[in-house]
Amino acid sequence: MTDTVTRPRSVEPLEEGCAWRAGDVGDDYIWRLDDDDIAELEVALAHAEAHTEHTLDITTDTFPLPTLGPRLGDLAGELINGRGVALIRGLPVERYGRDRASAIYWGVGTHLGRPWPQNHKGHLLGDVTDQGRAPDDPRSRGNEIGGIAFPFHSDGSDLVGLFCLDAGASGGASLVANAVTIHNELVADEPELAAALYDEFAYDMRGEQDEGTKPWYVLPVFSRRGDRLFVRYIRPYILAAARHSDAPRPSAVAVAAMDRVDALCADLDHHVSMQLEPGDMQFVNNYHVLHARHAYQDDRPAGRIRHLKRLWLETDLLADGEKPERFRLGRTDSYWSSKGRTKSELNV
């Protein structure tokens, strides 16, 4: 099997069992931790603290979850082969403090997959908070920019996790839209636009390219591998690629196709909104679910500063051979980017 790098002769619906609309979801995606769940997490945390020196040293072996572990395995299956979104709610952050609560989040994450680096520096446990970076800074990344709304987009791994430490003063709702539904609707109703999204688009590297390589890369919005759909869509990075004179520009049909994706994501019938609360852990299938956020406000004098921790995870449920080549880079990058770096350097 070879990777699809040119537009297919025809497009067809994919993974219809993973498609949903807002009215199909309800609150079934929410897993509310009960007292027994929290007690098991606390035992695992105590075990990890007795056997490791740093959060990033925690593994499934040092964070044992005899009851929750199999349930998290089922959850991973639902993320990859089902709804593609889950919210684990109810961890009492105030009981543990931010560092120990983040260690629990990391431990939970290890039962879903292996951490991927989130940038060229190899950061494995990222901070999503206002870091003073301007939205028009060509090297800024979404997790560093505070306040403004983010459009629907994907990230760079199999699974993406967000853990809320502080929700800020107001706003900041998290939105998720089902890209499988959008793909299949375009295939049925506007096949020319669907086909255009199988063409390659240039994405800005945000200054994170290796020395001597291009500051942009190309990848389709829609990719097919076997009977699976893989979506990579970050329109601000596509637009930013235009600052490079040698980067290809999207065609008029491709621009119209992106406009249609944006409109479908914004349609209330196509997305679910959730207000993340302290202790919430949100996980999404990065290839099937696009995520966004509403604008928010911090209240720094009152200490209400929106702060999420982010994980990018690789799951064994998708073997390398099942993924297009561009989506197979996590394991190699994780080793290379992490090698020789201290734990504190990777935990930011």
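Numbering of residues starts from 1 in each chain and follows the order in which that chain's sequence is written. Where local features are concerned, this predicted model is filtered to residues with pLDDT of at least 70; where side-chain atom pairs are given and counted, the filter is 80 or more; whole-chain, interface and lining totals use all residues. Hydrogens and water molecules were not included; the side-chain quantities draw on all heavy atoms of the structure.

Participant: Explanation requested: empty space enclosed by the protein in the structure shown.
Facilitator: In this approach a probe as big as a water molecule rolls over the atoms, and the regions it shows empty are the leftover space. Grid points spaced at 1 Å over the protein atoms alone were grouped into cavities, where a 1.4 Å probe fits but cannot get out, and pockets, open sets with protein on both sides within 12 Å along at least five of seven lines, with lining residues defined by an atom within 4 Å of a point. Grid points are joined across faces, edges and corners, and a volume is the space filled by probe spheres set on the points. All chains considered together, the criterion is met by 3 cavities of 30 Å³ or more. Reported here for the largest cavity is a volume of approximately 50 Å³. Looking at the largest cavity, the residues that line it are Trp-31, Leu-33, Leu-41, Leu-65, Leu-68, Leu-72, Ile-88, Val-108 and Met-281.

Participant: What is the right way to look at the pattern of salt bridges in this model?
Facilitator: Charged atoms that come close allow side chains of opposite charge to pair. Put simply, a salt bridge is a Lys or Arg side-chain nitrogen that is within 4 Å of an Asp or Glu carboxyl oxygen. Within the structure shown, the criterion is met by 26 salt bridges. Among the ionic pairs, Glu-208 bridges to Arg-141, the shortest N-O distance being 3.2 Å. Pair noted here: Glu-208 is in the loop between strand 9 (200–204) and strand 10 (216–220) and Arg-141 is in the loop between strand 4 (126–129) and strand 5 (150–153), with a separation of 67 residues, a long-range link. Take Glu-208 and Arg-141: they sit in the same class, and that class is buried. With a closest N to O distance of 2.8 Å, Arg-243 and Asp-204 form a salt bridge. Placement of the pair is Arg-243 in the loop between helix 7 (235–240) and helix 8 (252–266) and Asp-204 in strand 9, with a sequence separation of 39 residues. Here the term buried applies to any residue with accessible area under 20% of the maximum for its type, exposed to any over 50%, and partly exposed to those in between, with areas from a 1.4 Å probe on protein chains only. Given a relative accessible area of 45%, Arg-243 falls into the partly exposed group. Assessed through its relative accessible area of 1%, Asp-204 is described here as buried. Starting at the N terminus, helices and strands are each numbered in turn, a helix being any DSSP run of H or I of at least four residues and a strand any DSSP run of E of at least two.

Participant: Explanation requested: the packing of aromatic side chains in the structure shown.
Facilitator: Between two aromatic rings, the relevant description is the distance of the centres plus the angle of the planes. Only Phe, Tyr and Trp rings are paired, with Trp represented by its six-membered ring, and only when their centres lie within 6.5 Å; those with planes under 30 degrees apart are stacked, over 60 edge-to-face, the remainder tilted. Counted by the stated rule, this structure contains 7 aromatic pairs. Each member of the aromatic cluster is reached from another via a ring pair, and the members are Tyr-105, Phe-163 and Phe-283. The cationic tip of Arg-306 hangs over the ring face of Tyr-296; the distance from NZ or CZ to the ring centre is 5.1 Å. Any Lys NZ or Arg CZ found within 6 Å of a ring centre and within 35 degrees of that ring's normal is scored as a charge over the ring.

Participant: In this structure, what is going on with the state of the cysteines? I would like to understand it.
Facilitator: Put plainly, a disulfide is one covalent bond tying together the sulfur atoms of two cysteines. Cysteine sulfurs are considered disulfide-paired once they come within 2.5 Å of each other. Tallied over the full model, the rule gives 0 disulfides. Between Cys-18, a cysteine without a disulfide, and Cys-265, which holds the nearest cysteine sulfur, the sulfur-to-sulfur distance is 17 Å. Residue class for Cys-18 comes out buried when judged on its relative accessible area of 4%. The class of Cys-265 is buried, set by a relative accessible area of 0%.

Participant: Whenever I open this one, the packing of helix 2 (residues 35–51) against helix 4 (residues 93–110) confuses me. Can you help?
Facilitator: Each pair of packed helices can be described by the angle between their axes along with the distance between the axes. Axis geometry follows a simple rule: fit a line to the C-alpha atoms, using only the stretch in contact for helices, then measure angles between N-to-C directions, giving values from 0 to 180 degrees. Across the interface, helix 2 lies against helix 4 with an axial gap of 10 Å and an inter-helix angle of 90°. Relative to helix 4, the element helix 2 is oriented roughly perpendicular. Of helix 4, the residues touching helix 2 (which contributes Ile-38, Leu-41, Glu-42, Leu-45 and Glu-49) are Arg-95, Tyr-96, Arg-100, Ala-103, Ile-104 and Val-108. For this classification, Asp, Glu, Lys and Arg are treated as charged, while Ala, Val, Leu, Ile, Met, Phe, Trp, Tyr, Cys and Pro are nonpolar and the rest, including Gly, are polar. Grouping the constituent residues of the contact of helix 2 with helix 4 by class yields 7 nonpolar, no polar and 4 charged. Here is the rule for angles: anything less than 35 degrees is roughly parallel, anything more than 145 is roughly antiparallel, 65 through 115 is roughly perpendicular, and the remaining ranges are oblique. Two residues qualify as a contact provided that any one of their heavy atoms is within 4.5 Å of a heavy atom in the partner residue.

Participant: Please explain the confidence of the model for the chain as it appears in this structure.
Facilitator: If pLDDT is low for a region, its predicted coordinates should not be looked at in detail. In this model, the chain carries a mean pLDDT of 91, and residues with pLDDT of at least 70 account for 92%. Each residue carries a pLDDT score, the predictor's own confidence in it, on a scale running from 0 to 100. Between residues 1–6, whose pLDDT stays under 50, and residues either more than four places distant or in other chains, the model counts 11 contacts.

Participant: What's the story with the layout of surface pockets in this structure? I'm lost.
Facilitator: Estimated volume of the second largest pocket: approximately 330 Å³. Looking at the second largest pocket, it is lined by 18 residues, and the ones nearest its centre are Asn-119, Lys-121, Arg-141, Glu-144 and Glu-208. Here the lining of the second largest pocket is built from residues that sort into 1 nonpolar, 8 polar and 9 charged.

Participant: Would you mind going over the environment of Ser-223 with me for this structure?
Facilitator: Of note, Ser-223 is situated in strand 11 (residues 222–225). For Ser-223, a relative accessible area of 5% gives the class buried. As a C-alpha pair, Ser-223 and Lys-323 span 100 residues in sequence and 9.2 Å in three-dimensional space. The contacts of Ser-223, once residues within four sequence positions are left out, are Tyr-198, Arg-228, Leu-229, Phe-230, Pro-324 and Phe-327.

Participant: Honestly, the environment of Asp-27 in this entry has me stumped. Any pointers?
Facilitator: Structurally, Asp-27 can be placed in the loop between helix 1 (22–25) and strand 1 (30–32). Relative accessible area serves as the criterion here: at 43%, Asp-27 is assigned to the partly exposed category. For Asp-27 and Thr-55, which are 28 residues apart along the polypeptide, the C-alpha to C-alpha distance reads 31 Å.

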